[in-house]
Amino acid sequence: MSHLSSEDESSLQSLVRQLLKSIKERIVGAPSLECVEEILLHLEETDENFHNYELVKYLRNHIDDILGSVIEKETEKCTGEGRTLVSGQDTLVQQVTRNIRESKEYKEMMRSMKNSMMIVVESLINKFEEDQLKKEELHRKKQHEQHTDYCMENCSDSGSLFNQSYTFMNQEQLQILIERMDPGQPMEVRQDALHTLCCAPPSDVLNCEYWGTLCKYIAAALSDPDSTLSDKGLRFYAKTFSSSTFSISREIYTCLAKHLESCFTSQQMPVSTLSVGMDITSPDAVQILKKFRLLNEFQKEVPSFWIRHPEKFMEEIVESTLSLLSVTHEQSLNTDTLDSALEPVYFLALLDIKASWFKKWMHGYYSRTVVLRLLENKYKSLITAAVQQCLNYFDSGKLEDDATDNLCTMLYHINSGQRTYYTGSELQYICFVHSLCLLGRMLMYTHGRKLFPVKVNNKKEPVSLMDFLVLLIRMMYQHPNTTQTGNVTQTDSYAPANLVMEVLRMLCGGKECATECLYKNIITESLLFPIVTLLKGKQIKNCNETVLINIADILARIASTDRGLSLLLFGENDSPIATNCLSTAHIIAEFTKRLLDGELPALDSTEPSSALKGAFIFVCRQMYNTCEGLEVLMPYGLHESISKAWKKASLITERIPTPVAGSESGSSTAHELQNMMNLEEMLLDNLLNFAATPKGLLLLQQTGAINECVNYMFSRFTKKLQVSKCEKFGYGVMVTQVAATAPGIVALQSSGFIKALVMELWSVLECGRDDARMINPKPTPVEAIDRSCQKSFLALVNLLSSYQAVYELIGNLPLPNKAVYSLREVPSSVVDVIDRLIIINSNAKIHSLFNYEHSHMFGLRLLSVLCCNLDILLLLESQYSVTEIFLNAQKENVREDLKNLGDFIIDGLSVERNHILIRMELVGGASERVLPPRVLQKGNDPYPWPLFSSYPVPKCYLQDPLKNVVLKQDNEVIKLLKISGKQPDWLECCKKQFRKNMTIKTEIIKGNALVELLENVVEFLANNPSECFFRPYKATDDGVKHLSLSPIQQLGIKMVVRYGRFLGVLKIDADEELAVLLMHCDGFLKQQQVALGSSLCCLQGGYVGHDWFASTAFLIMSGDGERTLKFLQQFSNLLVSAFLWLPRLHSSIHLPVERSESGIHPVYSCTTYFIEMLLKKELPLVFSAFRMSGFTPSQICQHWLAQCFWNYLNWTEIGHYIAICIILGPDYQVYMCIALLKHMQQDVLHHMQTQDLQVFLKEEAIHGFHISNYFEYMEKLEKSYRTTILAEMKNINIK
């Protein structure tokens, strides 16, 4: 290439020319030469055909010919001789590339290519100049033949690559043109000069020495009565806007704005008054509207590119615009409104009714800052005029007649081009709409709101921001839009109500502006005015359903945010609207209930529509789907009213006859049927949202509609629809909440949700994507739970989190254990998942899996999470003998070669089985047991943890036994307990000393001191009738001998005894004594149980899980069965027993029958309900992490509490947990969980990001937590929430 022949040069010229033609459109559209360079430099990134260009192919082949051998040598050099790249060094490609670029061959090639391309480009330029000279000569001949008055021998029409039709001029020619444009010249001369000027490049014109004179002459042309001359001047401005740089366009825009301003200030043109109106076909109106149209088009276009230019350019444009719009005729200030002259804002409003130009200018911070600064410092009169327009329209009385409807129709005709004349009232309304849209956009921003208050005419006091917003709200319900169908037509979009709704919705969409503008008592008071009036039985003029629906829409948007919800529930700064007044939430709930029950006298004339009912139910739903909102709305029984309305709608739907095609009544019947079905679906949707909280789920279950609601949820879930327009997430959290209870999981199963989930899981694990399998094979997963199946894994973990749920799905159900499994046989239930993925104990099951190792590993990981719940662990072991099967699998997983005969094969499955066997056998907190890791280590011994195939487990998995510390018998607690004849204030003294010790000397509260403390406190409380919540019962030996323990209880006894022996608190023969204790407890509790008519499996007979509280008490009492039984008998009289001792209220006569039949324990419906409420207030980040993970705090807390924190806390902390709940009150159960989640906050946030929060919370013990460290925090929570929580806990026996 260094010696370029003529053929090569010609070929390269052709290739370069071809490339330029291919990208011609890109180059032509570039505003400057710098942009052209950027386009060419980044052509490979932006042009998908880059590598198909012949020039690129030519250069690539040339590079291969020269550097191909060099690249091969460098590659062999870098990879040969055993050289490797260690971590931290460059990759092979980077190293080879660097060496090549430093080589002589590369430098020589670049020099040669550069020289050759320079030759080619110079040739192209020379040829281009020759062509230009020929075209100039042709142009001169053409000019001469036409005998023009002015001869331009040095100009030519550009025939360049960019194909622009400009006539280039020098300064002398421009001077001649400007002289010809003098207003003293004949009209034809001026017109010809302007025509020639339009053909000249704007840069030549603007850079001339006589630009000032030219501007004056063009402005004179614009003001000339001759329409042809004015049009030519306007055409010059339009051409300049479209084809020049920003600086030139800015000059032209400011000139046009100043010209228009001078038209109004100097009275150069006749301006009509409002009383005369405007005929847009008159020549004067046509001319000025054309100018405003051009101005407005540039206003809407300029924000897209002015950020690339200095701020002063933008500031000139903004200031010239605001200066124009601020023009006010002096005579209009002293005359009536209709006699005032039309101002610039009227013309701009006529062209841009909803001020879209201002919306675009306020969108970016860059321009918004300048606009608001100028409005504040120089042009506040523009804001004053806009506010005055709104006040004038509100005070004009047109809101109360049909004039507004006619005006809305008029505005619709503007857009359709069907109007040519506008009256003064119509122009005022147009200006009002423009002003309202401008002010609404301005209120979105902090500095815009600071422009208030505004001093206006006829008002003594300035109009504040709140005054203006209240005015808008009153405007909304004094003139509603005419449509009642909910579908806003084009005509209705200009109605005041809809315009105000646009502004309010816009304000609701921003957090800061909503807080400052809408989250105020005065705003909610204004919104509630029609509702309060209707509740008082009074009629409101012009207040129809549309008004109420609009109000409900704004209230729902307010309630969708935390701050807005707090405003509705508790008022501004947690104070109601006025003294001795109900909060907004109470008023809304009362109105909604009476609306549903048909008890609103003011609406008796018409039946409330489904849209109205749905709008207000939705507002309530935004409140009752949160714990704090449900707590406020509970007294109104909305779940019962909605359920009653749904049942009524269902009956009507069933009675409507099937429409007959072709009949006259068929269409009306079909319409009626569709409306009733929509109402039924709407009511179900809102009823379903009670399931968002634990207590709400109990209320939903009691309505009897939980199955229908879950079916509806499943239908939307499969379509991946949002919960509502105000919800950011789907149904994941709600499904998890429903699955935490027995009736919820039964409803999910009957709806087909579980079957669909299992089939989707199977598709991911075993089937893959059918449409891409052959072309793009599925990669072999590296992680045990890879990304493809993580979603299904977490969904199953959420679904099977609760023991009651798992028992309903698999309780007493055997595994299929078929002899043969078809490859097309897809699992459809949880039992099938266990059979096919977890307990793989036959070759038939292995051969039925395409991806055996991956699928079985998925099942083992799922089992590991399930076994974290001790009741589920015992259920699986009692029904399916999981440990025996896994020990046999480990025994078979050994090497068969003679050298290492009998050694375990270490693979993913054997390591996971080893982990599960240890987890199922050992019990203990973070420092009481050792769980082996699941990953291999680097080095010669990748897995140092011993595998085993029979129990007991190797000792390395056991921590050192805890040493029993002998405490001094003269400490304060022991002295207090030894007092005989306890006085009424003894308990308070005991609590005071206990609080002190829990903060300072926690080591005192353990062992015998803890036992005696608990016994004394419980005995004192049980002997005090005011402290006995339940009627006392006595445990008897009658019938105990005939009782037998379930397999779950028998396995649980073995687990408890193993743990007790590890702790050193039990003897070897403690099994029998614990068994007798549990049988006594069963007999004692059965005296207080009642037969229920529920179909739930967990309610058929006694408590289906293990009694973890009785077992904990047995260990605290060091295995003394009689002492434990006496303690439990006294303890059962207390309220705290309902929350610590779960079997206590199983099918209990102490609960209302409806609550007992629900299968939802008070620990879930009450304790975890308040945990979620407090968590949202105290630890909002943790609460949000749960929401984003699709997991609920109620699930994990129910898990912890049901098994008394076994496997999560060390034994000492478990004892302290029992002590604080018994001594200080059952509400400490709530504070305990909040303290735990506060302790784990950073871990929770981390695992939310890694998308394994559920797994972490279930599998990991709680490290480093000590109640003493958080006791003061719990006391703080007690002071804030005890009244509310204890009152609710005491209401569990109320229907």
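Every value quoted in this text rests on a predicted model; they were computed, and no experiment measured them.

Asker: Explain the overall build of the protein here, please?
Answerer: Looking only at helices and strands, one finds 63 helices and two strands in the protein. For the protein, the proportion of its 1295 residues judged to be buried stands at 53%. Within the protein, contacts between residues at least 6 apart in sequence are counted, and of these 74% link residues at least 24 apart. About 60,200 Å² of surface is accessible on the protein, with carbon and sulfur atoms providing 51% of the total.

Asker: Is there a simple way to explain the nonpolar core in this structure?
Answerer: General note: in soluble globular proteins, nonpolar side chains tend to be found buried as a group. Counting 397 residues, the largest nonpolar core has Phe468, Leu748, Trp1206 and Ile1220 as the members making the most contacts within it. Filtering out sequence-adjacent residues up to four positions away, Phe468 remains in contact with Val387, Cys390, Leu436, Leu439, Leu443, Phe452 and Val463. Listed in part, the 15 residues of the second largest apolar core include Tyr53, Leu55, Val56 and Leu124.

Asker: Quick question: what am I supposed to make of the packing of aromatic side chains here?
Answerer: For any two aromatic rings, the description comes down to two numbers: the centre-to-centre distance and the angle of the planes. Considering all chains together, one arrives at 37 aromatic pairs under this definition. Their ring planes at 70° and their centres at 5.0 Å tell us that Tyr1169 and Phe1170 sit as a pair that is edge-to-face. Grouping residues by exposure puts Tyr1169 and Phe1170 together as buried. When the ring centre of Phe313 is taken as reference, the NZ or CZ atom of Arg250 above it lies at 4.1 Å. Sitting over the ring of Phe1030, Arg1144 keeps its end group 4.6 Å from the ring centre.

Asker: Explanation requested: the environment of Tyr1217 in the structure shown.
Answerer: Within the fold, Tyr1217 resides in helix α59 (residues 1211-1224). C-alpha of Tyr1217 to C-alpha of Phe1205: the two residues are twelve residues apart in sequence and 8.9 Å apart in space. Tyr1217 has contacts with Leu1140, Leu1201, Phe1205, Gln1229, Met1232 and Ile1267, leaving out every residue within four places of it along the chain. Of note is the side chain of Tyr1217, whose polar atom sits 3.2 Å from the side chain of Gln1229.

Asker: Where do I start with the pattern of salt bridges in this structure?
Answerer: Pairing between side chains becomes possible if they bear opposite charge and their charged atoms approach one another. Applying the stated criterion across every chain, the model contains 32 salt bridges. Arg250 is the salt-bridge partner of Glu251, the closest N and O atoms lying 3.3 Å from each other. Classification of Glu251 by relative accessible area gives partly exposed; the value is 27%. Taking relative accessible area as the criterion, Arg250 reaches 8% and is therefore assigned buried. Linking Arg934 and Glu912 is a salt bridge whose minimum nitrogen-to-oxygen distance equals 2.9 Å. One end of the pair, Arg934, is in the loop between α46 (908-921) and α47 (972-977); the other, Glu912, is in helix α46, with 22 residues separating them in the sequence. Counted as one network, the salt bridges with shared partners bring together Arg995, Asp1227, Glu1275, Glu1278 and Arg1282.

Asker: Would you take a moment to explain the packing of helix α19 (residues 380-395) against helix α23 (residues 465-478) for this structure?
Answerer: The relative placement of two packed helices comes down to the angle between their axes together with the axis-to-axis distance. The geometry of α19 relative to α23 is characterised by a closest axis approach of 11 Å and an angle of 35° between their N-to-C directions. The interaxial crossing formed by α19 with α23 has left-handed handedness. In this structure, α19 uses Val387, Cys390, Leu391 and Phe394 to contact α23, whose residues at the interface are Phe468, Leu471, Arg474, Met475 and Gln478. Per-class residue counts for the contact of α19 with α23 are seven nonpolar, one polar and one charged.

Asker: What's the story with the environment of Val953 in this structure? I'm lost.
Answerer: Within the element layout of this structure, Val953 appears in the loop between α46 and α47. Of the residues examined, Val953 reaches a relative accessible area of 9% and is grouped as buried. In sequence terms Val953 and Glu921 are 32 residues apart; their C-alpha atoms lie 7.9 Å from each other. Sequence-distant contacts of Val953, that is, excluding residues within four places in its chain, are made with Glu921, Leu922 and Phe948.

Asker: Hey, could you run me through empty space enclosed by the protein in this one?
Answerer: Unoccupied space between atoms shows up once a probe the size of one water molecule is rolled over them. Scanning the entire structure with this criterion turns up eight cavities of 30 Å³ or more. Taken as a whole, the largest cavity holds about 410 Å³ of empty space. Around the largest cavity, the lining comprises 31 residues; the ones closest to its centre are Gln804, Tyr1103, Leu1142, Gly1159 and His1161. For the lining of the largest cavity, the secondary structure elements donating two or more residues are α40 (803-810), α55 (1153-1158), α56 (1162-1178) and α58 (1193-1202). By residue number, the principal contributor to the lining of the largest cavity is α58, which donates four residues. Taken together, the residues that form the lining of the largest cavity break down as 15 nonpolar, 14 polar and two charged.

Asker: Sorry if this is basic, but what is going on with a negative patch on the surface here?
Answerer: Negative charge collects at one region of the surface, where Asp1069, Asp1071, Glu1072, Glu1073, Asp1120 and Glu1122 lie side by side. At three residues, the largest contribution of residues to the negative patch is made by helix α51 (residues 1070-1086). Along the chain, the position of Glu1072 falls in helix α51.

Asker: Help me understand unusual backbone geometry in this model?
Answerer: Keep in mind that most residues, glycine aside, have a negative phi and that most peptide bonds are trans. Residue Pro453 is bonded to the preceding Phe452 through a cis peptide linkage, with omega at 0°. Among the structural elements, Pro453 can be located in the loop between α22 (446-449) and α23. A cis geometry characterises the amide bond from Tyr951 onward to Pro952, with omega recorded as 5°. Looking at where Pro952 falls in the secondary structure, it is placed in the loop between α46 and α47.

What counts as what
- Residues numbered from 1 in each chain as written.
- Predicted model: local features only at pLDDT ≥ 70, side-chain atom pairs only at ≥ 80, totals over all residues.
- Heavy atoms only, no water.
- Helix = DSSP H or I, 4+ residues; strand = E, 2+ residues; numbered from the N terminus.
- Buried < 20%, exposed > 50% of the residue type's maximum accessible area, 1.4 Å probe, protein only.
- Contact = heavy atoms within 4.5 Å.
- Areas by Shrake-Rupley, 256 points an atom, 1.4 Å probe, with all protein chains shown as cover.
- Core = buried A, V, L, I, M, F, W, Y, C linked by side-chain atoms within 4.5 Å.
- Phe/Tyr/Trp six-rings, centres within 6.5 Å; stacked < 30°, edge-to-face > 60°.
- Lys NZ or Arg CZ within 6 Å of the ring centre and 35° of its normal.
- Polar contact = N/O pair within 3.5 Å; in protein donor to acceptor, adjacent residues only side chain to side chain.
- Salt bridge = Lys/Arg side-chain N within 4 Å of Asp/Glu carboxyl O.
- Axes fitted to C-alpha atoms, helices over the stretch in contact; angles between N-to-C directions.
- Left-handed = near helix turned anticlockwise from the far one by under 90°.
- Nonpolar A, V, L, I, M, F, W, Y, C, P; charged D, E, K, R; others polar.
- 1 Å grid on protein atoms, 1.4 Å probe; cavity = no way out; pocket = protein on both sides within 12 Å on 5 of 7 lines; lining within 4 Å.
- Points joined across faces, edges and corners; volume = space filled by probe spheres on them.
- Patch = residues over 30% accessible without salt bridge, like charges linked within 9 Å, V, L, I, M, F, W, Y side chains within 5 Å.
- Lys, Arg positive; Asp, Glu negative; His and termini not counted.
- Charge placed at Lys NZ, Arg CZ, Asp CG, Glu CD.

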